[in-house]
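Structural features, examined
This is what each chain is made of:
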Amino acid sequence: MDHIHHVKHKLEAIVEGDINLTPARGEWLQEEVNNQTKLLLEKDARFFLHQSMSTPCLDVLTNCEGSYIESISGKRYLDFHGNNVHQLGFSHPKLIHRLTEQLQNLTFSTRRYTNETAIAFAEKLTSLTTKDLNRVLLTPNGSSAISIALKLARAVTGKHKVVSFWDSFHGANLDAISVGGESVFQEHMGPLMPGVERIPPPIIYRGIFEGNEEKALEYLEYVLSKDDEIGAFLAETIRNTDVQMPSETFWKGARELCSKHGVLLILDEIPIAFGRTGKMFAFEHFGIEPDILCLGKGLGGGIIPQAAIVTRDAYNKFGHVSLGHYTHEKSPLGAAAGLALLEIIEEENLLGKVKEDQEFMRKALYKMHRKYSLIGDVRGVGLLWGIELVTNRTTKEKAILEAEEIMYECLKQGLSFKVSKGNVLQLSPPLTISRTELESAMEILNAAFLKTNAIA
């Protein structure tokens, strides 16, 4: 019992990612993993540098297709995590066809040259954003997109400071963790990029501004009014990791404050754009427009690393500055993947499908909320949902051990997702998932809650 309390105390300080340190982890390795898998996991642990949220690994994969990932032992998991790259599911046949075609032609574009695929991709991407967002820079990953956005904001405003939220995630590069608010990325890093002012986020469940977004706006205005060197406000439109969704009132107020104080609004939609919320871009829910939009993850269709920023034509005046001088800047393969993603979303009417799936998820998860006292809150939009677990709905104490127990029980039954903030089950299935597969996932989740005796 003392060991359990020690583990729980240790875990309460961890606010991001799957914990993998509870007794449930040992049971998983002992009971659910075969000898071949154990051997490969041991080799993985031997040769790869260990880091939080990546190690230890859960299983060894051999295939991914549609809504499923499959291990070498033949176990199939419905993947409700997918590192946020699986808007099209895994190995979408049209995407593979387009990449195969590209591989038979131009495979790399040397810098200072361009190519038709990259141009077509940029043209298509900007046709989907608002009229004034019509300039693109491409990059291989989301962290680099954040870097470009920060540099561009400094160039445009002549100011080096940026405001961001505590508990936010904007990437793993040194500048990205400097503007992020997750301690797990900053430990042992020493001095970070100067000029970052962090403020508490407006969240609907828990936190100092709970139920009072006006106070959050008041705090933002106070900071912006006190420091003339702030040139940018960087935020996730909807916080992906534990699905925190500010209101339209908040975002319109924040947009007005940025305009009033000459601050660029940078929206990080790297994990949540391209239909995840039922719209192509999450900011469309709030009737606002950013000055710089950061995109990535699913932009490469879950196969090729691809990211981008989209910004205003008025900011296209720094041709003498290398804002994003990357080796794979106009990758023909990345562009082919991005272009195919955007076309498939339209051709298969995934936005309409996600809106229908949203109502199914809402009804299923709210029903679970009423049924299980372990669930303190359910929140979400489109196919992005968070289930926050608490040991007591009044005190809202985090149910950390229980969250891990449920995660591992679901894994045993073939459903994979991540646990965020220690106690939030984050559900992010492919947008192509069938209704039958969604129903199957909800059945597995229900069974896991029943097994933990969580009935209200």
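Before reading on, note that the structure itself is shown above.
Now for a description of the structure that goes with this document. (Residues numbered from 1 in each chain as written. Predicted model: local features only at pLDDT ≥ 70, side-chain atom pairs only at ≥ 80, totals over all residues. Heavy atoms only, no water.)

1. Brief notes about the packing of aromatic side chains
When we look at a pair of aromatic rings, we describe it by the centre distance and by the angle of the planes. Across all of its chains, the model carries 9 aromatic pairs by this definition. Relative to W251, the ring of F233 has its centre 6.3 Å away and its plane inclined at 35°; by these criteria the two rings are tilted. Here F233 is found in strand β7 (residues 230-236), whereas its partner W251 is found in helix α9 (residues 248-260), with 18 residues between them in sequence. Here F233 and W251 have matching classes, each one buried. Pairing F281 with F283 gives two aromatic rings, centres 5.9 Å apart and planes at 10°, and the pair type is stacked. For the pair shown, F281 and F283 are each scored as buried. Pairwise contacts between aromatic rings join F165, F233, F250 and W251 into one cluster. (Phe/Tyr/Trp six-rings, centres within 6.5 Å; stacked < 30°, edge-to-face > 60°. Helix = DSSP H or I, 4+ residues; strand = E, 2+ residues; numbered from the N terminus. Buried < 20%, exposed > 50% of the residue type's maximum accessible area, 1.4 Å probe, protein only.)

2. Observations concerning the pairing of strand β10 (residues 307-312)
Burial within β10 is extensive, with 6 of its 6 residues counted as buried. Of the strand pairs in this sheet, strand β4 (residues 133-139) and β10 are connected by 6 bridges, and their pairing is antiparallel. Following the sheet pairing, T139 is matched in β10 by A307. Bridge count between strand β9 (residues 292-295) and β10: 4 bridges; the pairing is antiparallel. If you follow I292 over to β10, its bridge partner there is T311. (Pairing = 2+ DSSP bridges.)

3. Re the pattern of salt bridges
Scanning the model with the defined rule gives 21 salt bridges in all. Residues joined in a network through salt bridges with shared partners are D132, R255, E289, D291 and R312. (Salt bridge = Lys/Arg side-chain N within 4 Å of Asp/Glu carboxyl O.)

4. Notes on a negative patch on the surface
A cluster of acidic residues, E27, E31, E32 and E405, forms a negative patch on the protein surface. For E32, the position within the fold is in the loop between α2 (23-31) and α3 (35-47). For E32, a relative accessible area of 30% gives the class partly exposed. (Patch = residues over 30% accessible without salt bridge, like charges linked within 9 Å, V, L, I, M, F, W, Y side chains within 5 Å. Areas by Shrake-Rupley, 256 points an atom, 1.4 Å probe, with all protein chains shown as cover. Lys, Arg positive; Asp, Glu negative; His and termini not counted. Charge placed at Lys NZ, Arg CZ, Asp CG, Glu CD.)

5. Overview of unusual backbone geometry
With omega at 0°, the peptide bond leading from T55 into P56 counts as cis. Topologically, P56 is positioned in the loop between α3 and β1 (61-65). Here the phi dihedral of V243 falls at roughly 55°; this positive angle occurs in a residue that is not glycine.

6. Focus: the sheet that holds strand β13 (residues 415-416)
Sheet architecture is open: 4 strands sit in the order β1-β2-β3-β13, paired in mixed fashion. This sheet does not close on itself; its edge strands, each paired only once, are β1 and β13.

7. A few points about the environment of L125
Assignment of secondary structure puts L125 in helix α5 (residues 116-128). The spacing of L125 and G338 is 213 residues in sequence and 8.5 Å in space, taken between C-alpha atoms. When neighbours within four sequence positions are excluded, L125 is seen to be in contact with V136, F274, F281, L295, A308, V310 and L342. (Contact = heavy atoms within 4.5 Å.)

8. Quick word on the nonpolar core
Counting 104 residues, the largest nonpolar core has F233, F274, F417, L445 and F449 as the members making the most contacts within it. When residues of this core are assigned to their parent elements, the largest contribution, 10 residues, is made by helix α10 (residues 332-347). What F274 contacts, discounting residues up to four positions off in sequence, is Q87, L125, K279, M280, F281, L295, G296, L299, L341, L342, I345 and L431. Grouped together as the second largest cluster of nonpolar side chains are 22 residues, I146, A149, L264 and I309 included. (Core = buried A, V, L, I, M, F, W, Y, C linked by side-chain atoms within 4.5 Å.)

9. Regarding the sheet that holds β9
Across the sheet, which stays open at both edges, the 7 strands sit in the order β4-β10-β9-β8-β7-β5-β6 with mixed pairing between neighbours. Whereas interior strands pair on both sides, the edge strands pair on one side only; in this sheet they are β4 and β6 (196-199). On average, each strand axis in the sheet is inclined to that of its neighbour by 20°, with strand direction left out of account. Relative to β9, strand β8 (residues 264-268) is paired through 3 bridges, and the arrangement is parallel. Its bridge partner lying in β9, D268 is registered against C294. Most of the contacts of α5 go to β4, to which it runs at about 135°, and overall it touches β4, β9 and β10. (Axes fitted to C-alpha atoms, helices over the stretch in contact; angles between N-to-C directions.)

10. Concerning helix α12 (residues 400-412)
It helps to recall that an α-helix has 3.6 residues per turn; residues three or four apart then point in one direction. With 13 residues, α12 extends 19 Å between its outermost C-alpha atoms, agreeing within 8% with the 18 Å of an ideal straight helix rising 1.5 Å per residue. One or two positions beyond α12, positive phi appears at G414, with a value near 95°. (Expected span 1.5 Å × (residues − 1).)

11. Observations concerning the packing of helix α8 (residues 213-226) against α9
Orientation of α8 relative to α9, taken along the N-to-C sense of each, is 10°, at an axis distance of 10 Å. Relative to α9, the element α8 lies roughly parallel. Contact with α8, carried on its side by E213, E214, A216, L217, L220, E221 and L224, involves T249, F250, G253, A254, L257 and K260 of α9 and no other residues of that element. For the contact of α8 with α9, the residue count by class is 7 nonpolar, 2 polar and 4 charged. (Parallel < 35°, antiparallel > 145°, perpendicular 65-115°, else oblique. Nonpolar A, V, L, I, M, F, W, Y, C, P; charged D, E, K, R; others polar.)

12. A closer look at the packing of helix α11 (residues 350-371) against helix α13 (residues 435-451)
When two helices pack together, their arrangement is given by the angle between the helix axes and by the axis-to-axis distance. It is at 11 Å that the axes of α11 and α13 come closest, and there the two elements cross at 15°. The orientation of α11 relative to α13 falls into the category roughly parallel. Once α11 is placed against α13, the crossing between them reads as right-handed. Taken together, the residues of α13 that come into contact with α11 (itself represented by E356, D357, F360, M361, A364, L365, M368 and K371) are R435, L438, E439, M442, L445, N446, F449 and L450. Partitioned by chemical class, the residues of the contact of α11 with α13 number 10 nonpolar, 1 polar and 5 charged. (Left-handed = near helix turned anticlockwise from the far one by under 90°.)

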